[in-house]
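Below are the chains, spelled out letter by letter.
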Amino acid sequence: MTPKIARFLATHQPATPCLVLDVDRVEANFRALRDALPLAQIYYAVKANPARPVLQRLVGLSSRFDAASIEEVEACLQAGARAEAISFGNTIKKVSSIRRAYDAGVTLFAFDSREEMEKLARHAPGARVYCRILVENEGADWPLSRKFGTTIDSARYLMTRAASLGLDPYGLSFHVGSQQTATRAYELAIGKVAMLFTDLIEAGVNLRMINLGGGFPTRYRDEVPEIGRFGAAIMRAMTDHFGNALPELLIEPGRFIVGDAGLVSAEVVLVSRRDPDDPVRWVYLDIGRFGGLAETEGEAIRYRISTQHDDSPMGPVAIAGPTCDGADILYERSNYRLPLALTCGDRVELLATGAYVTTYASTGFNGFAPLGEYYL
Ligand SMILES: *Cc1c(COP(=O)(O)O)cnc(C)c1O
């Protein structure tokens, strides 16, 4: 928790549940990543947290933006981003969204299929395009599965055709999966696309860029490698494969930029036991899976939880949300322990919840209000 957040919680005691985010930490994370990978252009993945104060601070730092929808493109423009600084990075876009982005001046688009490339050729003529390659997501706590990306052979075919359709075949991209804790995942992915990159150049395609995607981890319950280790591993791999002829490098961090900048302040609604002899207490909070903690699905992302009793004895707990839905359990198998003194009405903090929380909050399920948000 940053001093600014601690002061805000102490003086305002905002109604729970709410996210409180320190925008100075967003800036610090952006600078740390820029220092770790000084040759890479940073395109902030807006979906991680699209709040205006976050976008504005990043605009002030000359960040660029990776937008997943026309709404995100427009949010960036409204926050002061230049259209040339926005990449429309979703490989699945409505025609109307492509047109609106193109008309607004966006010139950089992703695709991973022939069908989407043809849509871009028709509705965003002359645009710079990059093709997303399917890579292994091993080592990622929140993998992006097989929904995105194409094979090397298909990417080769598509990129050799892009120019004849009137598009500018700008580069290749991948995403190693979110909350990726293995630097090796980037090395393997770079190895995979580097060969294709070189082949395409030799075939006369004017490729200039490799987009390494996002994935850089935030510290949750478990330690993660320092960002400098990712930077070093990536630059080593790039140099191994390209020598001095490095292509332009892009990265699209989301979680790393905003994750540890915010926390959720929540309230304990009930502490109970299934049976009086059961050592495991059930702790019900006023936020759960539907209030924004969607990434607890499969207990994939394990947030740290702090309470006002943290120096007292602890015991095992299962932790759940407040709705009447059986899926609304945060942690049952991940060996969480909370203070035995914890009781109904206590405030707790879920740390490092600045990414992928506010936007996952449902509105009105079971009548619960959406998550409050404060940006300091
Ligand atoms: C979600 C996403 C990102 C951001 O991923 P993080 O793991 O949050 O860094 C970047 N690029 C694309 C294409 C994405 O879908």
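Scroll up to find the structure this text is about.
Residues numbered from 1 in each chain as written. Predicted model: local features only at pLDDT ≥ 70, side-chain atom pairs only at ≥ 80, totals over all residues. Heavy atoms only, no water.

A. Structural detail: the overall build of the protein chain. Looking only at helices and strands, the protein chain features 10 helices and 19 strands. Taken over C-alpha atoms, the radius of gyration comes to 22 Å for the protein chain, in line with the 21 Å a tight globule of 376 residues would show. Dimensions of the protein chain, computed from C-alpha atoms along their principal axes, come out at roughly 70 × 40 × 35 Å. The buried share of the protein chain, taken over its 376 residues, is 55%. Across the protein chain, contacts joining residues at least 24 apart in sequence account for 71% of those joining residues at least 6 apart. Entry remark: accessible area of the protein chain is about 15,900 Å², with carbon and sulfur atoms responsible for 50%. (Helix = DSSP H or I, 4+ residues; strand = E, 2+ residues; numbered from the N terminus. Rg over C-alpha atoms; globule rule 2.2 N^0.38 Å. Buried < 20%, exposed > 50% of the residue type's maximum accessible area, 1.4 Å probe, protein only. Contact = heavy atoms within 4.5 Å. Areas by Shrake-Rupley, 256 points an atom, 1.4 Å probe, with all protein chains shown as cover.)

B. Representation of the environment of Trp142 in the model. Relative to the elements of secondary structure, Trp142 occurs in strand β7 (residues 140-142). Put simply, Trp142 and Glu297 are 155 residues apart on the chain and 9.6 Å apart in space, counted from C-alpha to C-alpha. Residue contacts for Trp142: discarding those within four places in its chain leaves Gly177, Ser178, Gln179, Arg255, Ala294, Glu295, Glu297, Ala300, Ile301 and Tyr360.

C. Highlighting the site of the ligand. Near the ligand lie 13 residues; those nearest to it are Lys47, Ser178, Glu252, Arg255 and Tyr356. Glu252 is positioned with one of its side-chain polar atoms (N or O) 2.6 Å from a nitrogen atom of the ligand. Contacts to the ligand include Tyr356, whose side-chain N or O atom sits 2.6 Å from an oxygen atom. Out of a free accessible area of 390 Å², the ligand has 92% covered by protein chains. Of the pockets mapped on this structure, the ligand occupies the largest pocket. Taken together, the residues of the shell around the ligand break down into three nonpolar, five polar and five charged. (Near = heavy atom within 4 Å. Polar contact = N/O pair within 3.5 Å; in protein donor to acceptor, adjacent residues only side chain to side chain. 1 Å grid on protein atoms, 1.4 Å probe; cavity = no way out; pocket = protein on both sides within 12 Å on 5 of 7 lines; lining within 4 Å. Sits in = over half its atoms within 2 Å of the grid points. Nonpolar A, V, L, I, M, F, W, Y, C, P; charged D, E, K, R; others polar.)

Interpretation in functional terms is not warranted from these geometric data alone.
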